[in-house]
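Structural overview for review
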Amino acid sequence: MPDMSTDTTHVAEAREEEFEPRIVALFCNWCTYMAADLAGTSRMRYAPNVRVVRVMCSGRIDPQFVMHAFARGADGVLIGGCHPGDCHYQEGNYKALRRFRLLRRVIESLGVEKERLRLEWISASEADQLRKVADEMAADIRSLGPLRARVPAEDFPDAAGEGEEPPPEIPGESRVKEVAIP
Ligand code: FES
């Protein structure tokens, strides 16, 4: 009788070698998405593993977006936002940073390597940085292999633990606020 265990090992090894990660990239419309657009129009080549989803601001990224991506087959999630101080909605990227830190802890508790979730500040003119980050993340996740942990698809409670609604705008009051770097 042939040794099936050796065959199975070879099949698993071949699969690992063929593995190409699926990376969901949630990019802010005003900066990282534009950097991806610039990379495209400049004919820069970067990892095709990255599938871009445009959001208006990194602060718009609900923790459920990330959890659902993992639950539905993403091997990695990349969040891209404007540099600190440059968010078009004042402090959306600070909110994104707080959520990112919490989400990394949550995914680790589910057995997902924290490197599978990455946050980068990339402005509209930084197409080369976008290319570098996309290539790096694809390589990192390729070396981690496919996502093995099972992430539940059910609703994920708001991980931000903060008031979601921005304060009402007071006519005549400046929209620019001092924001402490967390
Ligand atoms: S508008 Fe880009 S992070 Fe808020």
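The paragraphs below set out a description of the structure included in this document.

1. Some details on the nonpolar core
With 46 residues, the main nonpolar core has I23, L26, F70, V77, I79 and L130 as its most contacted residues. Among the elements of the structure, β1 (23-28), α2 (32-41), β2 (50-55), α3 (63-71), β3 (76-81), α4 (92-109), β4 (117-121) and α5 (127-144) are those that each provide at least two residues to this core. Here this core takes seven residues from α5, the largest share from any one element. With sequence-adjacent residues up to four places away left out, I79 is seen in contact with L26, S58, I61, A96, F100 and L119.

2. Brief notes about the environment of Y46
Relative to the helices and strands, Y46 is located in the loop between α2 and β2. Judged by C-beta crowding, with 20 C-beta atoms within 10 Å, Y46 ranks as buried. Taking C-alpha positions, Y46 is 8.3 Å from L130, a pair spaced 84 residues apart along the chain. Once you skip the residues sitting within four places of it in the chain, Y46 turns out to touch A39, L130, R131, A134 and D135.

How each quantity is defined
- Residues numbered from 1 in each chain as written.
- Predicted model: local features only at pLDDT ≥ 70, side-chain atom pairs only at ≥ 80, totals over all residues.
- Core = buried A, V, L, I, M, F, W, Y, C linked by C-beta atoms within 7 Å.
- Buried ≥ 20, exposed ≤ 12 C-beta atoms within 10 Å, placed from the backbone.
- Helix = DSSP H or I, 4+ residues; strand = E, 2+ residues; numbered from the N terminus.
- Contact = placed C-beta atoms within 7 Å.

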